[in-house]
Amino acid sequence: MNTLSSDARLPLYQRLRDQLIEQIANNRWRPGEAIPTEAVLSAEYALSTGTVRKAVDALVSEGILERQQGRGTFVRRPQFQSSLFRFFRFQGPSGERQVPQSRILTVESVAAPSAVSEALGLAPEAQVIRIVRTRLFDVQPLLAEEIWLPRARFQALLDIDLSAQGPLLYPVYESVCGQVVASAEETLTAESVNAVYARLLQVPVNSPVVVIERLARDYAGQPLEWRRSRGHAEHFRYRVDIR
């Protein structure tokens with residue numbers, strides 16, 4: 001029988017919710033896998049089914065779990081593949097959406113600059129992995145990205161050819177490092193591009209670019225990745241549904 005490890009002053013369902021989050025973050029159940037039934041969890045933690053149901057309901061409302069009719073409750077796998085399409089238009093000749101190609105330029109281990117260590121919740125000058133890549137559409141660079149990762153959690157990336165892994169990084173984080181991105185928050189700004197990113201994007205210095213800053217987190221809410229994506233302003237679009 002498992003015992004609850006969080007603050008005993010919290011309600012039982014909240015403590016169970018925290019325990020389940022911790023176990024999901026530690027890969028006891030992988031994204032897309034079913035968690036045990038409420039009856040099994042009740043027996044495992046010696047809690048009433050009502051308490052278990054309330055904890056599971058909280059995780060469903062937070063988007064961490066999802067109920068599937070007649071099948072059970074599963075760890076939700078976030079879908080990030082379409083996130084770029086919220087801000088940039090990448091369409092083929094027939095108007096279909098296309099995922100841009102990825103060109104990895106550098107992968108290196110460095111001491112974290114202060115802004116990076118602060119964003120990732122690391123000690124000053126902790127070792128991080130810095131990835132620089134461009135995203136291309138019909139061989140034209142449309143995005144230039146600088147990506148920062150805690151080295152302790154992503155060490156394995158230094159031992160593979162990241163260029164051979166395809167255009168999406170999050171599946172690689174999961175398959176190679178066991179790190180699952182569960183949520184992300186983004187900030188949108190604009191700036192005049194400097195010489196470094198002007199060269200990568202093949203635009204004149206001081207051209208307008210859109211900057212998307214993303215902080216990605218695991219299921220426990222711990223920062224996993226901080227990135228800045230700079231893109232051509234001419235391809236920028238913004239859409240929001242207001243109801």
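See above for the structure.
For clarity, every value in this text was computed on a predicted model and none was experimentally measured.

Details of the overall build of the protein
No. 1: Helix and strand content of the protein: seven helices and eight strands.
No. 2: When the 243 residues of the protein are sorted by exposure, 44% land in the buried category.
No. 3: When contacts within the protein are restricted to residue pairs at least 6 apart in sequence, those whose partners lie at least 24 apart make up 59%.
No. 4: Of the roughly 12800 Å² that the protein leaves accessible, carbon and sulfur atoms contribute 49%.

Side note on the sheet that holds strand β6 (residues 183-192)
No. 1: In space, the six strands of this open sheet follow the order β3-β4-β5-β8-β7-β6, with antiparallel pairing throughout. Because the sheet does not close on itself, it has two edges, and the strands there are β3 (101-111) and β6. With strand direction ignored, the average angle separating the axes of adjacent strands in the sheet is 15°.
No. 2: As paired strands, β3 and strand β4 (residues 127-137) are joined by 10 bridges and run antiparallel to one another. Residue pairing across strands places V107 opposite I131, the latter belonging to β4.
No. 3: Of the strands in this sheet, β5 (140-150), β7 (208-217) and β8 (223-232) are in contact with helix α6 (residues 170-177), which crosses β8 at around 150°.

A short note on the side chain of D218
No. 1: For D218, the position within the fold is in the loop between β7 and β8.
No. 2: D218 gets classed as buried once you look at its relative accessible area, which sits at 7%.
No. 3: A polar side-chain atom of D218 sits 2.9 Å from a polar atom in the side chain of R153.
No. 4: Apart from the residues within four sequence positions on either side, D218 is in contact with R153, V180, A182 and L224.

Section: the pattern of salt bridges
No. 1: Counted by the stated rule, this structure contains 19 salt bridges.
No. 2: Between E145 and R135 there is a salt bridge, and its shortest N-O distance comes to 4.0 Å. In this pair, E145 is assigned in strand β5 and R135 in strand β4, connecting sequence segments 10 residues apart. Both residues of the pair, E145 and R135, belong to the buried class.
No. 3: We note a salt bridge from E186 to R214, for which the minimum N-O separation is 2.7 Å. Highlighted residues: E186 in strand β6 and R214 in strand β7, separated in sequence by 28 residues.

Some remarks on helix α2 (residues 38-45)
For an α-helix the count is 3.6 residues per turn, leaving residues at separations of three or four pointing the same way.
No. 1: Of the residues making up α2, those classed as buried are L41, S42, E44 and Y45. For α2, the angular spread of the buried residues around the axis is 165°, confining them to a single face. Seen from the buried face of α2, the exposed residues on the opposite side, beyond 90 degrees, are A39 and A43.
No. 2: Just past α2, the residue A46 takes up positive phi, approximately 55°.

Topic: the nonpolar core
Soluble globular proteins: nonpolar side chains tend toward being buried together.
No. 1: If you look at the biggest cluster of nonpolar residues, it comprises 21 residues, and the most contacted ones within it are L16, I24, I35, L65, V75 and Y219.
No. 2: Broken down by element, the residue count for this core peaks at five residues, all from helix α1 (residues 12-25).
No. 3: Residues from two domains meet in this core; each of domain 1 (12-75) and domain 2 (80-235) gives at least three.
No. 4: In this view, I24 contacts W29, I64, L65, V75 and Y219; residues no more than four positions away in its chain are not counted.
No. 5: Ranked by size, the runner-up nonpolar core spans 16 residues in total, among them I147, L162, Y173 and C177.

Criteria and thresholds
Residues numbered from 1 in each chain as written. Predicted model: local features only at pLDDT ≥ 70, side-chain atom pairs only at ≥ 80, totals over all residues. Heavy atoms only, no water. Helix = DSSP H or I, 4+ residues; strand = E, 2+ residues; numbered from the N terminus. Buried < 20%, exposed > 50% of the residue type's maximum accessible area, 1.4 Å probe, protein only. Contact = heavy atoms within 4.5 Å. Areas by Shrake-Rupley, 256 points an atom, 1.4 Å probe, with all protein chains shown as cover. Pairing = 2+ DSSP bridges. Axes fitted to C-alpha atoms, helices over the stretch in contact; angles between N-to-C directions. Polar contact = N/O pair within 3.5 Å; in protein donor to acceptor, adjacent residues only side chain to side chain. Salt bridge = Lys/Arg side-chain N within 4 Å of Asp/Glu carboxyl O. Arc of directions from axis to C-beta. Core = buried A, V, L, I, M, F, W, Y, C linked by side-chain atoms within 4.5 Å. Domains from an automatic or database assignment.

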